[in-house]
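Commentary on secondary and tertiary structure
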Amino acid sequence: MIWKLKNIIQETNHPFLNYFTLTYEVEDSNNQIKQYSYFMASRRKKEELVCLHKDKNYADGVLIPCYFIDPKTNLLSLIVTKQFRPALNRYVHSFPAGLVDKDEDLITASKREALEEVGAVIDKAEILCRPGPTSSGLSDELNAIVLAHVSHFDKKHLEEFEDINFRIVPFKDLEKELSEHFFALQIQIICRYLLLYFKGQY
């Protein structure tokens, strides 16, 4: 099929997330042309939607698996957050994460978010995954993953309605954690990847 984007209608006007209708002209294998409307949500302004700029794959948000090595015991652990998510009306276990500001690169955003959410001070970081879609049937949001080493902890700085706590979970206990708590799907995948990434170190 051949897809041509013909029109974009912004249905809402909220500061953080909006609803759009995309109208496509679709030509099938029999050369029949039909109109198709698709509904999506985006954090971006109308003129910045990914469907208009497929070459501008900057990250909307960053997910930050943070690991910590206890200086006394040399125990390798992962920072696991527990955050209330209103859309689900429940707490979800995850990693520090947040939106990337316009003037930030991924490492800078990661250091800021980790400090704000759990008080983690990052001294080393590497980009594990460049920006990509995490729910392409619903949104054009692009997220990246940055693996970060925590040197020590300081005071966290939460916003008024951010309900976030955290635990330092030894890698040897991760499988048990995954079976007992409600983790976001991508977090489950990353945890299993990290178990392989750090194999032999815990």
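Now for a quick tour of the structure. (Residues numbered from 1 in each chain as written. Predicted model: local features only at pLDDT ≥ 70, side-chain atom pairs only at ≥ 80, totals over all residues. Heavy atoms only, no water.)

Turning next to the overall build of the protein chain. Scanning the protein chain from N- to C-terminus turns up three helices and 11 strands. Put simply, the protein chain runs from its N terminus to its C terminus through helices and strands in the order β-β-β-β-β-β-β-β-α-β-β-β-α-α. Considering the protein chain as a whole, with its 202 residues, one finds that 39% of them fall into the buried category. With an accessible surface of roughly 12500 Å², the protein chain has 53% of that area assigned to carbon and sulfur atoms. Of note, the protein chain has its 25 positive side-chain charges centred 3 Å away from the centre of its 29 negative side-chain charges. (Helix = DSSP H or I, 4+ residues; strand = E, 2+ residues; numbered from the N terminus. Buried < 20%, exposed > 50% of the residue type's maximum accessible area, 1.4 Å probe, protein only. Areas by Shrake-Rupley, 256 points an atom, 1.4 Å probe, with all protein chains shown as cover. Lys, Arg positive; Asp, Glu negative; His and termini not counted. Charge placed at Lys NZ, Arg CZ, Asp CG, Glu CD.)

Turning to the nonpolar core, a few remarks are in order. One finds Leu78 and Phe171 to be the most contacted residues of the largest nonpolar core, which totals 20 residues. Of all the secondary structure elements, the ones that give two or more residues to this core are β6 (76–85), β10 (142–153), α2 (174–180) and α3 (185–197). With five residues, the single largest contributor to this core is α3. Once residues within four sequence positions are removed from consideration, Leu78 is found in contact with Cys66, Tyr67, Phe95, Arg167, Ile168, Val169, Phe171, Leu174, Cys191 and Leu194. Counting 17 residues, the second-largest nonpolar core is a separate cluster that includes Val62, Val146, Ala148 and Val150. (Core = buried A, V, L, I, M, F, W, Y, C linked by side-chain atoms within 4.5 Å. Contact = heavy atoms within 4.5 Å.)

The strand order β1-β2-β3 describes an open sheet built from three strands, whose pairing is antiparallel. Edge positions in the sheet fall to β1 (2–10) and β3 (33–42), since each has one partner strand and no second. When the angles between neighbouring strand axes are averaged without regard to direction, this sheet yields 25 degrees. Two elements, strand β2 (residues 18–27) and β3, share 10 bridges in a ladder whose sense is antiparallel. (Pairing = 2+ DSSP bridges. Axes fitted to C-alpha atoms, helices over the stretch in contact; angles between N-to-C directions.)

Another point: the packing of aromatic side chains. Throughout the structure, instances matching the rule amount to 12 aromatic pairs. With a centroid separation of 5.2 Å and an interplanar angle of 70 degrees, the aromatic rings of Phe171 and Phe198 are classed as edge-to-face. Here the residue Phe171 occupies a position in the loop between β11 (164–170) and α2, and Phe198 occupies one in the segment after α3, the gap between them amounting to 27 residues. There is no split in this pair, since Phe171 and Phe198 are both buried. Aromatic ring contacts, followed pair by pair, group Tyr67, Phe171, Tyr193, Tyr197, Phe198 and Tyr202 into a single cluster. (Phe/Tyr/Trp six-rings, centres within 6.5 Å; stacked < 30°, edge-to-face > 60°.)

Coordinates in, geometry out; function isn't part of it.
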